[in-house]
Amino acid sequence: MLIPEITQKMYKKAGGIMNFKIVHEKYCPGVYGAGKVVRNQKEWVAFVSELEGTGVIDLVDPDTFETVCASTAPGGGMNIVPLKENGEFLCIQKFFPVFKSEGADVVWGYEDENGYHTKEVLQLPFLHRIEVVQIRNEDYLMCATLCKTKEYIDDWSYPGSVYVGKINYEERSIGELQVVYADIFQNHGLTKLENQGGILIAGKNGVHRLVPPAVENDEWEIIEEITDPTSDCVAVDIDGDGELEYGTITPFHGKDFNIYKKTDGKFKKIYTLPGTHKFGHAIWAGAFNGKPAFIVGFRDAGKELILVEQNGEKIEEHLIDANLGPANVTVIPHKQGDLICAANRQTDRYTVYCAE
């Protein structure tokens, strides 16, 4: 890994002592999304490319790094989420750079004896993030649009919305979409909380938690969590006190990674990642090798990927890699050490790391 000496010194000074090595890497033009697909009772890494025309969906076995290409066109891939059926998934496509996304859609990927196939199941302009959530013991697809439309690249005058539709596994289809939250400017982040905690939505108007109703056709509860303009928000109990802390990138595609802790009923900022950063985009939270952690990545300046964890009373930073520019990242649990899987958009490669 080509990491500038000044960057190495900064993270050693900050307390970082963990080292990482690359265990797999592949050239993939336009790679943007990093997710998972459950195939043959095992989580495979899924990488998707936003390249117009030839953007792929690659599924990678975390044990052998065998690669199965599930799609070679049309590209415009944003994020990919697993379905409960073996090897099946939903993926956003036709969200082409830069913001040429009026024709964005969702495809249902499935496999038979002839390989993988994709079927378009819905079309939604500027669809940017999706997630599968369980509501009243049934699976639904959450859809978040970045905006309603654009008149030019930097036009943010039209807000986005969050939609929900029931998943029909027998027909491989999505039911009629219903708007559950509207008027979100720069609607960028969507994160599912575990244990029915709801869904975090991040935008210019802050972070809101959406909680589905217990009774069908009732309104969703919308809870304001953070008022700061936010690009993305994820959550993990980093200090082990039983309460989730929120990790955010602020503002839209911003330079800051912050951690918020709930105190006296309100989320308050307790930490900002040190150093100078630019174009924050990749973000993840969960257990890495059994310990709660955040991961954040930047697409400009040093183009770093950084793991943040708490040791005792101190929050520490560990540099995973630099100069690659990750757009998205996920973690695959592995018996020989969990794998950090980064879609390095700025250098057209996806990379898998483990801790040494």
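What counts, and at which threshold
Residues numbered from 1 in each chain as written. Predicted model: local features only at pLDDT ≥ 70, side-chain atom pairs only at ≥ 80, totals over all residues. Heavy atoms only, no water. Pairing = 2+ DSSP bridges. Helix = DSSP H or I, 4+ residues; strand = E, 2+ residues; numbered from the N terminus. Axes fitted to C-alpha atoms, helices over the stretch in contact; angles between N-to-C directions. Buried < 20%, exposed > 50% of the residue type's maximum accessible area, 1.4 Å probe, protein only. Lys, Arg positive; Asp, Glu negative; His and termini not counted. Salt bridge = Lys/Arg side-chain N within 4 Å of Asp/Glu carboxyl O. Polar contact = N/O pair within 3.5 Å; in protein donor to acceptor, adjacent residues only side chain to side chain. Contact = heavy atoms within 4.5 Å. Core = buried A, V, L, I, M, F, W, Y, C linked by side-chain atoms within 4.5 Å. Phe/Tyr/Trp six-rings, centres within 6.5 Å; stacked < 30°, edge-to-face > 60°.

Draft legend 1. Looking closely at the sheet that holds strand β22 (residues 266-272). A sheet is described by the order of its strands in space; here four strands give the open sequence β19-β20-β21-β22, paired in antiparallel fashion. Each end of this open sheet is capped by a strand with a single partner; those strands are β19 (232-236) and β22. Looking at each pair of strands side by side, their axes are set apart by 30° on average, direction ignored. Note that strand β20 (residues 245-250) and strand β21 (residues 256-263) share five bridges and pair antiparallel. Across the sheet, residue Gly247 finds its bridge partner in β21, namely Ile259.

Draft legend 2. Representation of the side chain of Arg299 in the model. Tracing the backbone through its elements, the reader meets Arg299 in strand β24 (residues 291-300). Summary of buried charges: Arg299 has no salt-bridge partner, and the nearest side chain of opposite charge, Glu50, is 4.5 Å away. Here the side chain of Arg299 touches Gln346 through a polar contact of 2.7 Å, side chain to side chain. The contacts of Arg299, once residues within four sequence positions are left out, are Tyr32, Lys278, Phe279, His281, Gly325, Pro326, Ala327, Arg345 and Gln346.

Draft legend 3. The arrangement of the nonpolar core in detail. Leu90, Val106, Trp108, Leu127, Ile130, Leu141 and Ile167 are the most contacted members of the largest nonpolar core, which totals 28 residues. Of all elements in the fold, only β7 (89-93), β8 (105-112), β9 (115-123), β10 (127-135), β11 (138-145) and β12 (160-168) reach the threshold of two or more residues within this core. Each residue touching Val106, except ones within four places of it in the same chain, is listed here: Leu90, Cys91, Ile92, Lys119, Glu120, Val121, Leu122, Leu127, Ile130 and Leu141. Of all hydrophobic cores here, the second largest spans 17 residues; its members include Ile259, Ile283, Val296 and Ile306.

Draft legend 4. A look at the packing of aromatic side chains. This structure, assessed with the given rule, holds nine aromatic pairs. Their ring planes at 40° and their centres at 6.2 Å tell us that Phe20 and Phe288 sit as a pair that is tilted. Of this pair, Phe20 sits in strand β1 (residues 20-27) while Phe288 sits in strand β23 (residues 278-288); the two residues are 268 residues apart in sequence, bridging distant segments of the chain. The residues Phe20 and Phe288 share a single accessibility class, namely buried.

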